[in-house]
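# Notes for the structure review
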Amino acid sequence: MSVGSVSFWQQDQNYWNQSASDSQSAAQTDSVISTMFGASTTLSSGLASLPNQTALNRVNTQLTAAVQSALASINGGSSGTGSTTSSSSSSPSTSSSSSPSSTSSPAATVAAPAVGTGTVPLTASTSLFTLGIIAKGTFTVGDGTNTTTYKSTGSDTVGDLLNAINKNVYGNAQVAAWLDSTGKLVISGENDTTMITVGGTNAANVGFGAGNTFFQPTAPSPSTSAQ
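Description of the structure in this document. Please read these numbers as outputs of a predicted model, since none were measured by experiment.

## A short note on the pairing of strand β5 (residues 185-189)
Burial runs high along β5: 5 of the 5 residues are buried. Side chains of β5 alternate between two faces, with L185, I187 and G189 and V186 and S188 buried alike. The pairing of strand β1 (residues 115-117) with β5 spans 3 bridges and is antiparallel. Paired with T117 across the bridge in β5 is V186. Summarising the sheet, strand β4 (residues 175-179) and β5 pair through 5 bridges and their orientation is antiparallel. Paired with L179 across the two strands is L185, which belongs to β5. Here β4 folds back onto β5 in antiparallel fashion, the turn holding 5 residues, of which G183 has a positive phi close to 90°.

Spelled out as structure tokens, the structure:
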């Protein structure tokens, strides 16, 4: 009985010793596994960061080049590595920009006939009587040499006045007359050397009152080149 009791007790001790040994071994194994997992995670992160860093370096390089290019274009190409090229290319732009200023000149004035415009809106069918021009009322146009004199009949129209001014007969002023887009009476010389004078008892009735009766042609002026 004693032998058997010792044997069972020994077996029990052996069992617990083995269990403790197994638990310690399992803990060590878990520790190793955890360490290996951490190492593999660190390795993976490190390996993944390599291409990421490469990509970041490449993007930074491209951004730097773009910024330098933009600065070069703004500053006339005076930045960094492109200084030699930009200095050679900037000289033509400087010379080209300065050349027009050295040869620029005021535009020449082209000669033009004298033109007078009335201030009253009219139509060709407007009765002169409705404008206050009664029978025998006069309207005259001179070109400095000849004068056209129109005398109202009391029943005529603006169209009759235009026909009389434009009538090309000996002794009449060399002018042309028409109504512009706003209905104003326009009288123009037929050359760029003669003046125009408008008068008569009823000139003001069709828009040629005081201060609007004498018109000079535009004299030509040559351009003066700045040397």
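## Notes on the environment of I196
The topology assignment puts I196 in strand β6 (residues 196-199). Accessibility expressed as a relative area gives 0% for I196, which makes it buried. Spatially, the C-alpha atoms of I196 and Q174 are 9.4 Å apart, while their sequence positions differ by 22 residues. I196 has contacts with A114, V141, G142, V175, I187, S188, G189, T213, F214 and F215, leaving out every residue within four places of it along the chain.

## Side note on unusual backbone geometry
Phi is positive for K136, which is not a glycine, with a value near 75°. Note on placement: K136 falls in the loop between β1 and β2 (138-142).

## What to know about the packing of aromatic side chains
In the structure shown here, the tally under the stated rule is 2 aromatic pairs. Ring centres 6.2 Å apart and planes at 65° place the aromatic pair F139 and F208 in the edge-to-face group. Taken together, the residues F139 in strand β2 and F208 in the loop between β6 and β7 (214-215) connect sequence positions 69 residues apart. Residue classification places F139 among the buried positions, given a relative accessible area of 4%. Judged by centre distance (6.2 Å) and plane angle (85°), the ring pair of F208 and F215 falls under edge-to-face. Taken as a pair, F208 and F215 share a single burial class, namely buried. Three or more aromatic residues link up through ring pairs in this structure, and these residues are F139, F208 and F215.

Analysis parameters
- Residues numbered from 1 in each chain as written.
- Predicted model: local features only at pLDDT ≥ 70, side-chain atom pairs only at ≥ 80, totals over all residues.
- Heavy atoms only, no water.
- Buried < 20%, exposed > 50% of the residue type's maximum accessible area, 1.4 Å probe, protein only.
- Helix = DSSP H or I, 4+ residues; strand = E, 2+ residues; numbered from the N terminus.
- Pairing = 2+ DSSP bridges.
- Contact = heavy atoms within 4.5 Å.
- Phe/Tyr/Trp six-rings, centres within 6.5 Å; stacked < 30°, edge-to-face > 60°.

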